[in-house]
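Residues per chain, in single letters:
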Amino acid sequence: INIVKKKMAEYGFPYKMTLDKHIHSRILVHALDGVPTIALRPNARFTLEDLQGTLAHEIDTHLLRRQNALQQPYKIFLSRFANYLPTEEGLAIINKEKVYKNPRRFDTSALYVIATDLALRSSFRDVYDKLVELGVYQQEKAWNMAFKVKRGMGDTSVPGSFTRYYLYFKGKKEVLDFIARGGDVKQLYIGKIGIKDLKTIKKIANVNAPRFLPKNL
């Protein structure tokens, strides 16, 4: 909890922190009655590096983009542009990877794209078997990947997938390509926008520069 408080102190805006045994993830950052709220599951366990990576994902990305959106004169910056999600998740993954000493732990992200594609067309068991066939020799790892891409389905024997992992991969590539072309990452913090929206936003009057940025920018 002290690490979370220290992270929030870097930015200086009001927030709430709660313990919530009902959340499925270890930490959930959301707005409760308009106030940024950080919910922690009481029995959650993190390594220091894992917690710092999670905070970079949740606070340095999702929350800061939200807070900057509140500084804009138009509500669409908060209610989200149509193309915002790949940029949001790609930026979150990049921020998270910066924390880890060995970012290669995320090289499996391409495998999740394959697993998502398989899940959209087949059952949990078929996804698991194909991952093992493709070289995911650790049975527990193959099972966990199949579980993640089938998450939320009542019947995992039918085609269907939780596609967020595809968005992580797609968004990360789009943000890295944007940077490689000379794009300014700070522009992506003006609100809940996507890279594809920047040309349109340049035509909008009175858009404010982002007030809150990660300390590594």
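Residues numbered from 1 in each chain as written. Predicted model: local features only at pLDDT ≥ 70, side-chain atom pairs only at ≥ 80, totals over all residues. Heavy atoms only, no water.

A. Geometry of a positive patch on the surface. On the surface, Arg181, Lys199, Lys202 and Lys203 cluster together into a positively charged patch. By the secondary structure assignment, Lys202 is in the segment after helix H9 (198-201). On the basis of relative accessible area, Lys202 is assigned to the exposed category, the value being 67%. (Patch = residues over 30% accessible without salt bridge, like charges linked within 9 Å, V, L, I, M, F, W, Y side chains within 5 Å. Areas by Shrake-Rupley, 256 points an atom, 1.4 Å probe, with all protein chains shown as cover. Salt bridge = Lys/Arg side-chain N within 4 Å of Asp/Glu carboxyl O. Lys, Arg positive; Asp, Glu negative; His and termini not counted. Charge placed at Lys NZ, Arg CZ, Asp CG, Glu CD. Helix = DSSP H or I, 4+ residues; strand = E, 2+ residues; numbered from the N terminus. Buried < 20%, exposed > 50% of the residue type's maximum accessible area, 1.4 Å probe, protein only.)

B. Main features of the packing of helix H1 (residues 2-9) against helix H2 (residues 48-69). Axis separation between H1 and H2 bottoms out at 11 Å; the angle between their running directions is 35°. The two elements H1 and H2 meet at a crossing, and its hand is right-handed. For the pair H1 and H2, contact is made by Ile3, Val4, Lys7 and Met8 and by Leu48, Leu51, Leu55, Ile59, Asp60 and Leu63, respectively. Of the residues contributing to the contact of H1 with H2, the split by class is eight nonpolar, no polar and two charged. (Axes fitted to C-alpha atoms, helices over the stretch in contact; angles between N-to-C directions. Left-handed = near helix turned anticlockwise from the far one by under 90°. Contact = heavy atoms within 4.5 Å. Nonpolar A, V, L, I, M, F, W, Y, C, P; charged D, E, K, R; others polar.)

C. Up close: the side chain of Asn95. Tracing the backbone shows Asn95 in helix H4 (residues 84-99). The class for Asn95 is buried, based on a relative accessible area of 6%. Engagement of the side chain of Asn95 in a polar contact is seen with the side chain of Tyr189, the distance being 2.9 Å. Among residues more than four places away in sequence, those in contact with Asn95 are Ala56, Asp60, Thr61 and Tyr189. (Polar contact = N/O pair within 3.5 Å; in protein donor to acceptor, adjacent residues only side chain to side chain.)

D. Spatial organisation of the packing of aromatic side chains. Counted under the stated rule, the structure contains eight aromatic pairs. Seen from their ring centres, Tyr11 and Phe13 are 6.3 Å apart, and the 15° between their planes marks the pair as stacked. For Tyr11, a relative accessible area of 9% corresponds to the buried category. Both rings, one in Trp143 and one in Phe147, keep their centres 5.5 Å apart while their planes meet at 10°; by these two values the pair is stacked. One end of the pair, Trp143, and the other, Phe147, are both in helix H7 (residues 139-149), four residues apart, so they sit about a helical turn from each other. Judged by relative accessible area, Trp143 falls into the partly exposed class, the value being 43%. In this structure an aromatic cluster arises from ring pairing among Tyr112, Phe162, Tyr165 and Tyr168. Across from the ring centre of Phe162, 4.2 Å away, lies the NZ or CZ of Arg151, which sits over that ring. (Phe/Tyr/Trp six-rings, centres within 6.5 Å; stacked < 30°, edge-to-face > 60°. Lys NZ or Arg CZ within 6 Å of the ring centre and 35° of its normal.)

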